[in-house]
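Spelled out, the chains give:
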Amino acid sequence: MKPEDVLLVRPQQERALVKFRKMVEAGTETLVELGIAGLTTDAIVARAGVNISTFYKYFPNREAFICYLGIKFIEQQTESIRKVIASMPPDAPLERVIPAMIESSVEDWSTNRGARALQGIFVLNPVLYAEYSQSSQDVAEALRPFMAVWNIKGSFADWQRMHSVFGDCAIVLFDRAVKAEPAEQVRLIAELKALAVAYFKTAVAPS
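Residues numbered from 1 in each chain as written. Predicted model: local features only at pLDDT ≥ 70, side-chain atom pairs only at ≥ 80, totals over all residues. Heavy atoms only, no water.

1. Remarks on the overall build of the chain
For the chain, the count of helices and strands is ten helices and zero strands. Mapped from its N terminus to its C terminus, the chain presents α and β elements in the order α-α-α-α-α-α-α-α-α-α. In terms of principal-axis extent, the alpha carbons of the chain reach across some 65 × 35 × 25 Å. Within the span of the chain, comprising 207 residues, buried residues form 46% of the whole. Expressed as a percentage of contacts within the chain between residues at least 6 apart in sequence, the contacts between residues at least 24 apart total 70%. Surface accessibility of the chain: about 10600 Å² in total, with carbon and sulfur atoms responsible for 55%. Side chains of the chain carry 23 positive and 24 negative charges; the gap between the two charge centres is 3 Å. (Helix = DSSP H or I, 4+ residues; strand = E, 2+ residues; numbered from the N terminus. Buried < 20%, exposed > 50% of the residue type's maximum accessible area, 1.4 Å probe, protein only. Contact = heavy atoms within 4.5 Å. Areas by Shrake-Rupley, 256 points an atom, 1.4 Å probe, with all protein chains shown as cover. Lys, Arg positive; Asp, Glu negative; His and termini not counted. Charge placed at Lys NZ, Arg CZ, Asp CG, Glu CD.)

2. Comments concerning a positive patch on the surface
The grouping of Arg-15, Lys-19, Lys-22 and Lys-57 at the surface amounts to a positive patch. Looking at the positive patch element by element, the count peaks at three residues for helix α1 (residues 14-38). By the element assignment, Arg-15 lies in helix α1. (Patch = residues over 30% accessible without salt bridge, like charges linked within 9 Å, V, L, I, M, F, W, Y side chains within 5 Å. Salt bridge = Lys/Arg side-chain N within 4 Å of Asp/Glu carboxyl O.)

3. Things to note about helix α5 (residues 94-111)
End to end, α5 covers 26 Å across 18 residues, agreeing with the expected 26 Å (1.5 Å per residue, within 8%). When we look at burial in α5, the residues that qualify are Leu-94, Val-97, Ile-98, Pro-99, Ala-100, Met-101, Ile-102, Ser-104, Ser-105, Val-106, Asp-108 and Trp-109. Where α5 is buried, its residues touch α4 (62-87), α6 (113-118), α7 (126-142), α8 (146-149), α9 (156-179) and α10 (182-201). (Expected span 1.5 Å × (residues − 1).)

4. Some points on the nonpolar core
A general tendency of soluble globular proteins is for nonpolar side chains to be buried together. Met-23, Phe-59, Met-101, Trp-109, Leu-143 and Trp-159 are the most contacted members of the largest nonpolar core, which totals 68 residues. Counting residues per element, this core draws most heavily on α4, at twelve residues. If sequence neighbours within four positions are ignored, Met-101 has contacts with Ile-81, Val-84, Ile-85, Val-139 and Leu-143. (Core = buried A, V, L, I, M, F, W, Y, C linked by side-chain atoms within 4.5 Å.)

This is the structure:
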């Protein structure tokens, strides 16, 4: 799914694009400042300086707006992880690749304030949960060439399942890290890297 798939119509003309971008920016700023509870349609349009009818031209409701922001972030994060994987040499060890993927994810949500505010609802919103699960599958596919290098046992379906399980766990752990104080956040991320490496090592066949 693309972010635009949740829209009733897609803005085409430049004037419409400008208003649409203002709403997205205003909604992101409102989300950061007031959280999900404060992200109302009235707050979005007031901050964007547009009419409420403009909002409902593109979004059927507030939930669709939240999905738009969430899917956009998941798409960005997935692409960032794919770039990290593509940058690795074909013989890169698991212990190097997996932590680098986590670092990429952390970089994405640390520079995207709206994404940090959304982390907690990824597992609660069916649409965003499905998109995050698909992201885990896409990452598994990108890592498929490394399965032989890392001596991963089992089928590709087993490998995909591992990524789905870890992806679900990572959502919760990222949410916890996002809400932590900076020093604790660093420690949590270090633990997450160690956990990820240990988890995927369980799939390595004994030599």
